[in-house]
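As a plain string of letters, each chain reads:
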Protein chains: 2
Amino acid sequence: MNTYSIGVDLGGTNLRVAAVTRAGERLDSISLPTRLSSGPQVVLDDMAGAICELIDRHANRELLGIGVGSPGPLELPRGVLHHPPNLPGFDGLNLRTELERRLDRAVQVDSDANLAAYGEALLGAGRTFASQSLFMYTLGTGVGSGIILDGRIWRGKQGAAGESGHGPILPEGPKCGCGAHGCLEMYASATAVVRRARELGIETPKHGAVTALAIAELAKAGDERALKVFDEVGYTLGLSLAHLVNALDLPLYVIGGGAAAAWGLFAPRMFATVREMSYVYRMSMPTDPNVFQLGKTHIAPAQLGSDAGILGAALLPLSEPAPVAQ
Amino acid sequence: MNTYSIGVDLGGTNLRVAAVTRAGERLDSISLPTRLSSGPQVVLDDMAGAICELIDRHANRELLGIGVGSPGPLELPRGVLHHPPNLPGFDGLNLRTELERRLDRAVQVDSDANLAAYGEALLGAGRTFASQSLFMYTLGTGVGSGIILDGRIWRGKQGAAGESGHGPILPEGPKCGCGAHGCLEMYASATAVVRRARELGIETPKHGAVTALAIAELAKAGDERALKVFDEVGYTLGLSLAHLVNALDLPLYVIGGGAAAAWGLFAPRMFATVREMSYVYRMSMPTDPNVFQLGKTHIAPAQLGSDAGILGAALLPLSEPAPVAQ
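Residues take numbers from 1 onward in each chain, read along the sequence in its written order. A letter from A marks each chain and a number from 1 marks each ligand, given out in the order of writing. Per-residue local features are limited, in this predicted model, to residues with pLDDT of at least 70; the limit for side-chain atom pairs, both in listing and counting, is 80 or more; totals at the level of whole chains, interfaces and linings are taken over all residues.

Runs of E in the DSSP output that reach at least two residues are strands. Runs of H or I that reach at least four are helices, and both are numbered from the N terminus. Per the secondary structure count, chain A includes eleven helices and twelve strands. As defined in this context, the radius of gyration uses C-alpha atoms, and a globule is described by 2.2 Å times the residue total to the power 0.38. Relative to a compact globule of 326 residues, whose C-alpha radius of gyration would be 20 Å, chain A shows 20 Å and is just as compact. Burial in this document is a count-based property: other C-beta atoms within 10 Å of a residue's C-beta are tallied, and the residue is buried at 20 or more, exposed at 12 or fewer, or partly exposed in between, with C-beta positions derived from the backbone. Each of the 326 residues in chain A was classed as buried or not, and the buried ones make up 55%. Taking as baseline every contact in chain A between residues at least 6 positions apart, the subset at least 24 positions apart corresponds to 64%. The contact rule is simple: place each C-beta atom from the backbone, and if two of them lie within 7 Å, those residues are in contact.

Okay, structure coming up:
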């Protein structure tokens with residue numbers, strides 16, 4: 001009998017559910033608006049309904065498991081949300097047990113950033129670079145990150161690992177909502193790109209809507225101020241990578257999310273900065289062929305786009321046992 | 001039959017070899033000067049000789065394995081040294097196979113900072129805080145670090161993990177020999193404490209010798225400039241910890257090495273900085289009892305002093321299989 005699993009991507013705007021084979025091939029999917037204004041119970045009912053719909057459609061296959069990715073903060077392995085800024089009204093909700101009760105089946109829950117990293121590790125950049133370990137940044141409205149070590153998600157003691165979007169990258173920089181100064185999220189998120197562009201006086205031509213994409217277009221056309229914005233993205237990403245490369249010495253660092261589409265604009269400064277600031281990186285990527293070379297350190301764009309998270313969610317229950325219900 | 005294992009601590013000044021029980025009790029030890037000027041083959045002969053001497057003395061016990069800690073850079077798991085600054089003349093030496101050839105037994109080799117972290121995890125702070133995972137800084141001539149995740153040393157792809165003594169903690173700070181600006185090692189090592197004290201014009205009373213210990217004594221006596229030096233140690237340690245806490249969410253961070261004896265002088269600023277700069281730390285250590293609390297994040301002094309490395313070396317072969325000889 002053929003098998004499959006189900007992945008769920010719970011976003012603040014859309015709720016997506018997909019049936020996926022063990023090899024990562026997408027068989028089918030359902031996409032709904034996330035009805036936040038109707039409250040979490042309705043959103044959970046919608047989610048359970050879409051999952052049951054997929055189960056019905058694929059009744060000739062054996063369902064191996066269900067994985068759900070959610071914005072955080074998410075306490076793991078329990079699956080409880082704590083004041084999630086992108087899911088107002090969900091504070092204190094146990095996403096896992098609420099869904100298990102509706103489905104009468106075990107469910108795995110993890111953060112969207114962890115599952116994007118997991119998807120990239122198994123089916124994207126990790127496969128390309130033959131690496132079981134990676135660190136992934138997701139550059140979007142904020143900066144999320146996830147860590148895969150030897151093929152497993154590193155969650156920290158209760159799910160708070162992978163918050164490298166926050167932390168004092170430039171300790172003299174502006175204060176972030178998290179309390180630190182000069183966080184990566186203050187420079188490298190799509191939100192930050194728009195804010196910095198406004199600070200530098202950039203006005204985009206199309207209807208006055210300043211988006212990160214519009215600023216990237218300006219930069220590609222040679223606008224000096226727009227180029228400066230992406231140069232700062234590259235510099236701060238390079239500083240953050242230098243810390244991670246020196247601490248963890250992973251073979252692969254992946255940059256995904258919408259803002260990663262501007263790779264060509266920020267990558268030169270990013271590579272120059274990590275090369276200057278991390279001697280572990282330089283040992284791994286020597287320019288002098290006579291120098292001893294550690295195994296390569298790859299820094300590469302993500303390959304799965306916005307599908308990384310839902311594919312990671314579907315594959316999660318195939319490798320990790322469900323936690324015991326509490 | 002009773003059992004034991006042997007740990008070796010190869011330092012630039014002293015070579016120490018100890019026989020240790022599975023429970024971490026030291027049965028016996030031999031300490032020799034490291035005869036660097038005679039070359040690496042003589043040092044290896046001395047090491048093998050001391051190991052054989054311990055084996056002879058404990059012939060009534062079964063030897064379970066031999067672990068060796070060495071200054072780096074050390075390529076793992078091969079055990080090859082690459083331009084180690086504290087072991088001149090050892091470049092390119094395969095410490096593991098050289099020793100295995102002399103002893104006709106399997107040997108495990110790892111960096112001294114990794115093994116100090118491993119020793120603290122099994123017998124020191126890790127036992128006190130019931131934690132299988134920790135990050136340990138060793139503040140000495142330089143700043144070393146080691147990472148233990150779920151009871152195992154995280155080495156990175158070829159042994160370069162745990163270099164958090166280097167990296168752009170203060171990107172506008174002075175340039176370090178590693179190429180980065182404002183590394184932790186530029187502020188928190190014993191060497192840095194002495195350099196900063198001199199820059200601030202401190203002269204110590206005893207024979208003019210400015211040591212980190214003498215500066216700590218001045219600070220304890222209320223000298224403003226000496227207090228400032230240790231305040232900078234605390235600030236930069238706090239910034240480095242904020243990055244690590246946000247990235248890894250470990251339950252325990254340990255600070256050891258000689259300079260850690262000045263804990264009372266740098267800890268207040270260190271805790272204030274990590275509390276300000278890491279919201280993951282604040283979530284784990286809330287001051288408001290009504291706030292949801294993640295499992296605690298402990299930051300604590302090391303407990304085993306200079307024995308951590310040799311105990312970690314002795315315990316290493318008890319948990320990890322020897323790599324296959326190449």
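After that view of the structure, there is still more to cover.
Moving on: the nonpolar core. What we call a nonpolar core is a set of buried Ala, Val, Leu, Ile, Met, Phe, Trp, Tyr and Cys residues whose membership is set by joining through C-beta atoms within 7 Å. Grouped together as the largest cluster of nonpolar side chains are 218 residues, with contacts concentrated most on Leu 134, Val 193 and Ile 215 of chain A together with Leu 134, Val 193 and Ile 215 of chain B. The residues touching Val 193 of chain A, leaving out its near neighbours within four places in the chain, are Ala 212, Ile 215, Val 229, Val 233 and Ala 259 of chain A.

All right, on to the relation of the copies chain B and chain A then. Only residues with pLDDT of at least 70 in both copies count here: their C-alpha atoms drive the least-squares fit that superposes the copies. Structural alignment of chain B on chain A gives an RMSD of 0.0 Å, achieved by rotating through 180° and translating 0.0 Å along the axis. Read as a symmetry element, the transformation amounts to a two-fold axis. Taken together, the interface assignments show that 100% of the residues at the interface of chain B recur at the interface of chain A, consistent with an identical surface on both copies.

Next up on the list: the packing of helix α8 (residues 224–248) of chain A against helix α9 (residues 263–277) of chain A. Residues and elements named next belong to chain A. An axis is simply a line fitted to the C-alpha atoms; with a helix, the fit covers only the stretch in contact. Between two such axes, the angle follows the N-to-C directions and lies from 0 to 180 degrees. Taken N-terminus to C-terminus, the directions of α8 and α9 make an angle of 35°; their axes are 7 Å apart at the nearest point. Our pair here, α8 against α9, has a crossing hand that is right-handed. From α8, Phe 230, Asp 231, Val 233, Gly 234, Tyr 235, Leu 237, Gly 238, Leu 239, Leu 241, Ala 242 and Val 245 reach across to α9, where they touch Leu 265, Phe 266, Ala 267, Pro 268, Arg 269, Met 270, Ala 272, Thr 273, Val 274 and Met 277. In this classification, Asp, Glu, Lys and Arg are treated as charged, Ala, Val, Leu, Ile, Met, Phe, Trp, Tyr, Cys and Pro as nonpolar, and every other residue, Gly included, as polar. When its residues are assigned to classes, the contact of α8 with α9 shows 16 nonpolar, three polar and two charged. Crossing handedness is defined as follows: a turn of the near helix away from the far one that is anticlockwise and smaller than a right angle gives a left-handed crossing, while the clockwise case is right-handed.

To continue, consider the sheet that holds strand β11 (residues 252–256) of chain B. Residues and elements named next belong to chain B. A pair of strands is considered paired only if DSSP assigns at least 2 bridges between the two. The five strands are arranged β10-β9-β8-β11-β12 in an open sheet whose pairing can be described as mixed. Of all the strands in the sheet, the pair left with one neighbour each is β10 (152–153) and β12 (298–301). When β11 meets β12, the two strands line up parallel, connected through four bridges. Across the sheet, the residue bridging to Leu 252 is His 298, located in β12.

Residues and elements named next belong to chain A. Read across the open sheet, the five strands follow the order β3-β2-β1-β4-β7; overall the sheet is mixed. Lying at the two open borders of the sheet, with one neighbouring strand each, are β3 (26–33) and β7 (108–111). Taking the axes of each pair of neighbouring strands and ignoring which way they run, one obtains an average angle of 20° across the sheet. Relative to β3, strand β2 (residues 14–20) runs antiparallel, the two sharing seven bridges. In the sheet register, Val 20 faces β3, and the bridge partner there is Arg 26. Where helix α3 (residues 112–123) meets the sheet, its contacts fall on β1 (3–10), β4 (62–70) and β7, and the angle it forms with β7 comes to roughly 95°.

The subject of this paragraph is the domain arrangement of chain A. Residue and element names in this part refer to chain A. Domain assignment breaks chain A into domain 1 (3–117 + 307–319) and domain 2 (129–303). Residue ranges labeled as domains rest on an automatic or database domain assignment. Summarising the inter-unit geometry, the C-alpha centres of domain 1 and domain 2 are found 28 Å apart. The partner domain 2 presents 16 residues to the twelve residues of domain 1 that form the contact. Looking at the side of domain 1 that touches domain 2, the elements with two or more residues in it are β5 (74–75), β7 and α3. If you tally residues by element for the side of domain 1 that touches domain 2, the top one is α3, at five residues. Looking at side-chain class alone, the side of domain 1 that touches domain 2 contains seven nonpolar, two polar and three charged residues.

Contacts between the two partners involve 38 residues from chain B, matched on the other side by 38 residues from chain A. Secondary structure elements with two or more residues in the side of chain B that touches chain A: α8 (224–248), α9 (263–277) and α10 (279–284) of chain B. Broken down by element, the residue count for the side of chain B that touches chain A peaks at seven residues, all from α8 of chain B. Considered class by class, the residues forming the side of chain B that touches chain A number 21 nonpolar, eleven polar and six charged.

Right, let's get into the pairing of strand β11 (residues 252–256) of chain A. Residue and element names in this part refer to chain A. For β11, a buried count of five out of five residues is recorded, marking the element as mostly surrounded by other parts of the structure. Burial along β11 is two-sided: Leu 252, Val 254 and Gly 256 and Tyr 253 and Ile 255, pointing in opposite directions, are all buried. Relative to β11, strand β8 (residues 134–139) runs parallel, the two sharing four bridges. When the bridges of β11 are listed, Thr 138 appears paired with Gly 256.

Summing up the model confidence of chain A, the mean pLDDT is 92 and the portion of residues at 70 or higher is 94%. As scored by the predictor, the complex reaches a pTM of 0.93 and an ipTM of 0.93. Residue-level confidence of the predictor is summarised by pLDDT, bounded by 0 at the bottom and 100 at the top.

All names here are of chain B. Between Gly 72 and Pro 73 the backbone carries a cis peptide bond, its omega angle lying at -5°. One can find Pro 73 in the loop between β4 (62–70) and β5 (74–75). The linkage connecting Leu 76 with the following residue, Pro 77, adopts the cis geometry, with an omega of 0°. You can see Pro 77 is positioned in the loop between β5 and β6 (80–81). Phi angles above zero are rare outside glycine, and Ala 130 is one such case at about 50°.

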